[in-house]
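Listed below, chain by chain, are the residues.
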Amino acid sequence: MLSRSAVISSRRRPRWPSSSEISSQCCSCSRYFSDKDSITSSSSDYVSPKQQGLSRLFTDEQRELLKQAHQLSSMSRSLAKQVGNVKIREESLLVDIAKCLQEGREQKLEASDVIPSLFTVVFAGEFNSGKSTLINALCGNKELLESGVLPTTDKITVLMASDDGIDSKNETKTIQVNTGVVAQTELRLLPTSNYPILKDLCIIDTPGTNAILSLQHTSSTLRLLHDADLIIFVTSADRPFSESERQLLQTSIKPYRKRVVLVINKMDILERRQGDDHGQETKQKMVDYVQEHASELLGASPIVIPVSGRDALSWKQLHKPGFVGSEDEPNNSSNLWTRSNFGRLETFLSENLSASSKIKTKLSNPLGVAEGILLDCKREIERRQEELDVDVATLKLLRSDSDAWEKDMKSALQRHRLKINEEWTTGAQVVHRVLDELTIVDQLRIGVGMGRDTFDRAWENANVTLLSADKESSSFTKKLISIASECSETLISGAKKQGDDQIQYLGKRVSVISTGLKGNNSKIIGRIDTPKFRRLEDELQASIIPVVEKTTKYLPTDLKCAENVYTSICRASMLSSLLMSSGVCSTALALGGFLEMSHALLLYSGTLTVAGATSLPLGSRYIARSFEKEWMSNASKVESGLEALFNDAMETINGQLSDAIAPYTRYVKAEESSLISLHNKMEIGIADATRLRGQINKAC
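Residues numbered from 1 in each chain as written. Predicted model: local features only at pLDDT ≥ 70, side-chain atom pairs only at ≥ 80, totals over all residues. Heavy atoms only, no water.

A. Quick peek at the overall build of the chain. Each helix and strand counted, the chain has 21 helices and 10 strands in total. Per-residue burial over the chain gives 50% buried out of 700 residues. When the accessible surface of the chain is totalled, it reaches about 33,700 Å², and 51% of it is carbon and sulfur. (Helix = DSSP H or I, 4+ residues; strand = E, 2+ residues; numbered from the N terminus. Buried < 20%, exposed > 50% of the residue type's maximum accessible area, 1.4 Å probe, protein only. Areas by Shrake-Rupley, 256 points an atom, 1.4 Å probe, with all protein chains shown as cover.)

What follows is the structure, given as structure tokens:
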């Protein structure tokens, strides 16, 4: 884009090459396109047929820079397709024209090898803003392009110089260009002897952007702005800077960093309305208004030139057709040319369309396109990264919540494990309760076979209902199964709630991604549903019974336990009675004089008596501890089996919960990897663009 500091002289006469100069340099229409071979040519002195048009003026360094700029532009388009949600307009119009001009040639270039080397000036704006009139005035031919009040330009018209001087009416060719809509492109080849302005230059007239067929016209214009090296944006003095013009500048011209000249046409309307002062104050306000608003939209202050294309064309038809310049003002009183201010526009073009300026612009144009696309890619990648950050945070939150849920479930399992342990401990304490109820006398009586009834009452009072005479229907086994089943229900219900909660939390994120509204139109591969645990629940319930019964079926029955304990007490009591009786009898006989005993034997008898008195309590405790140890060893087996069963269930549940959100997890991981790759490519492209920008400035 041109800066405001550009000087537009009203005194300097522009010099365009003469027809003889042009004819000595023109070979064929294909001179306006160069291929890869011409770009990499090793000789700057030799001008091959492939190095015609602007390419014949390039140095080897400039050709290489042009090649790199087009490669970067191509790379940026490829990156934009990968990034998605970035507007891409392919450069195909001038390539199609090149292919048309090659018809009949023996050696043809592939489309991928064609790099347009014409300097392209695109006239854009609303219909009836006077674009066609301005082009006619520049070329000095009122009938070159049709103009009128109605939207007459309903097609793309490309004006180029021919090589044989034949009038363009006999050399008009039509090309259908795919621009998203059906748009006709008319190529007109004009003799350079009559139109020297077209040397190394093509002028493109576009349809109005607000015509009745606005969709087709606007699409065609937007398609061509991408090919432009210079955009002459025409607005009308009777409706300056309409809404459609604002949108065109901001959304389609600004992103690609094009050189733009704003021309306010039909300034003669203001003269007629203002009277004797010719509306000078109103004209200046008009220029200031357009300058201010254009600067806001484009981010820089563009060149604004007010003209009257109709007055300029009228003067040229009467006096001097063709390109004139500001110094050729007439000496008559009409002063029509001066009031048209058209010389200022032609002066600007002559000063800014010099060979060096056109070469630099031609090199910078594909680079500017690449920079614009890369900037759009950067914005889109950053937008996608922001959304991905939310997704990554969501996954972290889900993992944290899953860890907390697993901790809660383990606590619940521990509580049920303690309940089962309490049941086993209660059974293990039966003998303790029986012995606590039996006195020493009761136990001694059991030892001599006189305390059976007392033992049975104590056993019954201990409330040993955990054991049943029927092994297969043990109430203790049923109680263990009941507690384990309750634990299973707690685990499954918790898993179902956890699955519902995570899907509900993901619901909003998933709906955005799965409908393809996210960056790059990404979609989750797979379906995210709440996991179903019905099968696991049935399997867990069915596995609990054999795990419990595998151990409890070997437990002794109630009668067997009672008999074993009774027998043990009998033995301990008999041993105690024997020891005490031996000691007491020996001592009594010795004291009665019936038996002579030494002091040692007397001490021994006393020891037997004490041992007998203490052996019964000690033996009772041993009996209780032995029963408890044997009982609790079975408890450990049951607990180990249930723990393994529930741990497997937890692992299965975690797996199903993870599988439920696996499509979302895969998407986040894939998006992370994709964005890293795209970001790296974008950074490389931006670095290459910065490097090329510096090299182009240095080379030109």
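B. Region of interest: the environment of Gly208. Summarising the element assignment, Gly208 is placed in the loop between β7 (201–205) and α6 (214–225). With relative accessibility at 3%, the residue Gly208 sits in the buried group. Note: C-alpha distance between Gly208 and Glu126 (82 residues apart in sequence) is 4.3 Å.

C. Spotlight on the environment of Arg625. Its location among the elements puts Arg625 in helix α20 (residues 599–660). Residues Arg625 and Val431, 194 residues apart in the sequence, show an inter-C-alpha distance of 8.6 Å.

D. The arrangement of helix α7 (residues 243–253) in detail. Every buried residue belonging to α7 is among Glu245, Leu248, Leu249, Ser252 and Ile253, and all of these are buried. An end-on view of α7 places all buried positions within 115° of arc, on one side of the element. (Arc of directions from axis to C-beta.)

E. Highlighting the side chain of Glu245. For Glu245, the position within the fold is in helix α7. One buried charged side chain, Glu245, makes no salt bridge at all; its nearest oppositely charged neighbour is Arg239, positioned 5.9 Å away. Within polar-contact distance, the side chain of Glu245 engages the backbone nitrogen of Phe241 at 3.0 Å. Discounting chain neighbours no more than four positions away, the residues touching Glu245 are Glu126, Phe233, Val234, Thr235, Ser236, Arg239 and Pro240. (Lys, Arg positive; Asp, Glu negative; His and termini not counted. Salt bridge = Lys/Arg side-chain N within 4 Å of Asp/Glu carboxyl O. Polar contact = N/O pair within 3.5 Å; in protein donor to acceptor, adjacent residues only side chain to side chain. Contact = heavy atoms within 4.5 Å.)

F. Spatial organisation of the nonpolar core. By size, the foremost hydrophobic cluster in this structure holds 53 residues, and its most contacted members are Trp424, Phe455, Leu642 and Ile653. The set of elements that each furnish at least two residues to this core consists of α13 (355–428), α14 (430–437), α16 (452–461), α17 (475–514), α18 (534–552), α19 (558–591) and α20. Excluding its chain neighbours within four sequence positions, the residues that come into contact with Leu642 are Ile420, Ala484, Ile544, Val547 and Val548. In terms of nonpolar packing, the next biggest core, distinct from the first, is built from 36 residues, Leu145, Leu201, Val263 and Ile303 among them. (Core = buried A, V, L, I, M, F, W, Y, C linked by side-chain atoms within 4.5 Å.)

G. The arrangement of the packing of α7 against helix α9 (residues 280–298) in detail. In contact at an axis separation of 9 Å, α7 and α9 are set at 30° when each is read in the N-to-C sense. Here α7 runs over α9; the crossing is right-handed. Between α7 and α9, the contacting residues are Arg246, Leu249, Gln250 and Ile253 on the first element and Tyr289, His293, Leu297 and Leu298 on the second. Of the residues assigned to the contact of α7 with α9, the class counts are five nonpolar, two polar and one charged. (Axes fitted to C-alpha atoms, helices over the stretch in contact; angles between N-to-C directions. Left-handed = near helix turned anticlockwise from the far one by under 90°. Nonpolar A, V, L, I, M, F, W, Y, C, P; charged D, E, K, R; others polar.)

H. Inspection of the confidence of the model for the chain at higher detail. Of the residues in the chain, 71% reach a pLDDT of 70 or more, and the chain-wide mean stands at 75. For residues 464–473, every residue scores under 50 in pLDDT, and the model assigns this stretch 24 contacts once sequence neighbours within four places are set aside. Below pLDDT 50 for its whole length, residues 514–521 participates in 23 contacts with residues either more than four positions away or in separate chains. (pLDDT = per-residue confidence, 0-100.)

I. Looking closely at the pattern of salt bridges. Counted by the stated rule, this structure contains 22 salt bridges. Glu371 is the salt-bridge partner of Arg693, the closest N and O atoms lying 2.6 Å from each other. Pair noted here: Arg693 is in helix α21 (residues 662–699) and Glu371 is in helix α13, with a separation of 322 residues, a long-range link. Here Arg452 ties to Glu563 by a salt bridge, and the two come within 3.4 Å at their closest N and O atoms. With a gap of 111 residues between them, Arg452 in helix α16 and Glu563 in helix α19 connect regions that are remote in the sequence. Of the residues examined, Arg452 reaches a relative accessible area of 29% and is grouped as partly exposed.

J. The packing of aromatic side chains, seen in detail. Inspection of the entire model under this criterion finds six aromatic pairs. The aromatic ring of Tyr566 is capped on one face by Arg452, whose charged end is 4.2 Å from the ring centroid. (Phe/Tyr/Trp six-rings, centres within 6.5 Å; stacked < 30°, edge-to-face > 60°. Lys NZ or Arg CZ within 6 Å of the ring centre and 35° of its normal.)

K. Spatial organisation of the environment of Thr607. Locating Thr607 in the fold gives a position in helix α20. Each C-alpha atom of the pair Thr607 and Gly583 lies 7.2 Å from the other, and the pair is 24 residues apart in sequence.

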